[in-house]
Each structure stands twice: as structure tokens, then as C-alpha cells.
Amino acid sequence: SNTVSVISTNTMRIAKTLGVENFPYDIDLNLLNNRIYTTNRGSNSVSVIDGSTDSVLYNISVGQSPVGIAVNPAASWIYVANLESGSISVIDGITNTVDDTIRLDGIPYGVAVNPLTDRIYVTDLASNSIHVIDAATNKLLDDVEVGTSPAGMAIDLRSNTIYVTNHGSDDL
């Protein structure tokens, strides 16, 4: 339906439905400026939503088939994994424009950011690894082999531990 549902946790009902571009896929938010970002896989874009008014402010063109997205609230950067382009679009959260494109070999899928270490982590479906990127330079630092078809990630900021789901090998 190309929408984002806004759910009230007080009533546990849909409070509002927002129209976004084609095939919304993933979502993240920046608590510091109350902006919500959703990848739109079918239209190669990211929608920027104002969390105060629940309205779509911008649609930003990115690479082909954007899937994963992560926000670095400390620096106001948004990182988007473009599945078919083999790249990461780096969006400036102040200007709402693509500031850089990080080219990767493989199929980037999930994205996570550690704002404390200034690192970006990207799962790669083709290489069964995660790419480690320096957020200050947008340069690849390392590749870490994980299980088959890694997809999602979570970072424990207290221990600087990354948890990666591997749906091809059914493990973590």
C-alpha cells in the first residue's frame, strides 16, 4: 500500500497512515531531530518524515533497490544499503541530500551504526560477511566473515558487541 503506519502506544491503534513512495522496506529514526527515514525499494528513494507533524517532508533519490537504513544521530548522517547498486548512500541529515556513495563489492543488505566508535556495519549477502566502514572517512576498514546470508544487526553500545542474524545458516 506504499504507506507507513503511525501507531499510538497509548491506544495500540493506528493513529495515522502516511503515504510514501513505492515499496517501503526499512525504517529508522533520529531521536535528536525527530526525523524518521524509510527506504522505498521500488522507487530508489528515502522518505523523510517529520515526527512532530507526521508528514512527509522530502523524498531523496538514492541507489538501486534501497533496503537497510541506519541513522547516526551524533553526526546526523543516514546510511542506506542499495542492494542492486552494491553501494551505501550517505545522506546528510541537515541538507537531506546524498553527500557520498560508498561502493562495495557484493550485495549490501542491513546497516547498523555505532555512534560511539564512529563505525558503520553493513551485512553482505554475497560474501557472507559484514563490512566495517569508518564513518569519518567513509572508507572500508575491514570485512568480517559471519554465517550464510547475513541480514539484520544490532549493536550493544555498552559492550561494543554486534549481533548478526544469518538466515541462510539459521544462527546468530
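For clarity, every value in this text was computed on a predicted model and none was experimentally measured. (Residues numbered from 1 in each chain as written. Predicted model: local features only at pLDDT ≥ 70, side-chain atom pairs only at ≥ 80, totals over all residues. Heavy atoms only, no water.)

Colleague: Describe in detail the overall build of the protein chain, supporting the description with residues and values.
Modeller: From N to C terminus, the protein chain includes 0 helices and 16 strands. The globule rule puts the C-alpha radius of gyration for 172 residues at 16 Å, and the 16 Å found for the protein chain is close to it. The 172 residues of the protein chain split such that 42% are buried. Considering only contacts within the protein chain whose residues lie at least 6 apart along the sequence, 29% involve residues at least 24 apart. Element-wise, carbon and sulfur atoms account for 48% of the exposed surface of the protein chain, whose accessible area totals about 8600 Å². Charged side chains in the protein chain number 8 positive and 19 negative. The centres of these two groups are separated by 8 Å. (Helix = DSSP H or I, 4+ residues; strand = E, 2+ residues; numbered from the N terminus. Rg over C-alpha atoms; globule rule 2.2 N^0.38 Å. Buried < 20%, exposed > 50% of the residue type's maximum accessible area, 1.4 Å probe, protein only. Contact = heavy atoms within 4.5 Å. Areas by Shrake-Rupley, 256 points an atom, 1.4 Å probe, with all protein chains shown as cover. Lys, Arg positive; Asp, Glu negative; His and termini not counted. Charge placed at Lys NZ, Arg CZ, Asp CG, Glu CD.)

Colleague: Can you explain the packing of aromatic side chains? Please cite residues and give values.
Modeller: Here the distance between the centres and the angle between the planes together describe a pair of aromatic rings. Overall, the coordinates contain 2 aromatic pairs when judged by the stated rule. A ring pair is formed by F23 and Y25, whose centres lie 5.9 Å apart and whose planes are at 70 degrees; its orientation type is edge-to-face. F23 gets classed as partly exposed once you look at its relative accessible area, which sits at 42%. Ring centres 6.3 Å apart and planes at 85 degrees place the aromatic pair Y25 and Y109 in the edge-to-face group. Highlighted residues: Y25 in strand 3 (residues 24–30) and Y109 in strand 11 (residues 108–114), separated in sequence by 84 residues. The partly exposed category is assigned to Y25, whose relative accessible area is 33%. One aromatic cluster in this structure is built from F23, Y25 and Y109. (Phe/Tyr/Trp six-rings, centres within 6.5 Å; stacked < 30°, edge-to-face > 60°.)

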